[in-house]
Amino acid sequence: MIDTSLPTGPSSRSENGGSLLWTLNTSKVPVLVEFYADWCPPCKKVSPLVEEFSREIGTKARVVRINIDDQPGASNQHAVRSIPTFITFKDGREIRREVGAIPKRVMEDMLDL
């Protein structure tokens, strides 16, 4: 399970804006960032899939969840206008973006797994 308040393991964590930037720039593996809100119905629908996906990928990639209400700066910095928004980063650069409740196979494709 992904804890949205504290880091929870090698592949999934919650970040604030500053530590998100550090994670994106220093990660040796691709990072999938989900921007969400607790009140968002599509976010609630996809949350169990994100948690399951995070467990399945192990150390091949990282999954980070950002609550836009708790971290508005991070969502503004990455021009998030709708939620859920998923962004893949490699070597600190955005390489792909998807908006909406996406299936696990799209998450895999976003990370080239």
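Here we summarise the structure given alongside this text. (Residues numbered from 1 in each chain as written. Predicted model: local features only at pLDDT ≥ 70, side-chain atom pairs only at ≥ 80, totals over all residues. Heavy atoms only, no water.)

Thoughts on the packing of aromatic side chains
Scanning the entire structure with this criterion turns up zero aromatic pairs. If you follow Arg65 out to its NZ or CZ, it ends over the ring of Tyr36, 4.0 Å from the centre. (Phe/Tyr/Trp six-rings, centres within 6.5 Å; stacked < 30°, edge-to-face > 60°. Lys NZ or Arg CZ within 6 Å of the ring centre and 35° of its normal.)

As for the pattern of salt bridges
What the rule picks out here adds up to six salt bridges. Between Lys104 and Glu56 there is a salt bridge whose closest N-O contact spans 2.8 Å. You can see Lys104 sitting in helix H4 (residues 104–110) and its partner Glu56 sitting in helix H2 (residues 41–57), a full 48 residues away along the chain. A relative accessible area of 19% means that Lys104 is categorised as buried. Here Glu94 makes a salt bridge to Arg97, at a shortest N to O gap of 3.0 Å. (Salt bridge = Lys/Arg side-chain N within 4 Å of Asp/Glu carboxyl O. Helix = DSSP H or I, 4+ residues; strand = E, 2+ residues; numbered from the N terminus. Buried < 20%, exposed > 50% of the residue type's maximum accessible area, 1.4 Å probe, protein only.)

So, the pairing of strand E2 (residues 31–36)
Within E2, six of the six residues are buried, leaving the element largely enclosed by the surrounding structure. Both faces of E2 are covered, namely the face carrying Val31, Val33 and Phe35 and the face carrying Leu32, Glu34 and Tyr36. By the bridge criterion, six bridges tie E2 to strand E3 (residues 62–67) in an arrangement that is parallel. Along E3, the bridge assignment pairs Phe35 with Ile66. Sheet topology places E2 next to strand E4 (residues 85–90); five bridges connect them, and they run antiparallel. Within the sheet, the bridge partner assigned to Leu32 lies in E4 and is Thr88. (Pairing = 2+ DSSP bridges.)

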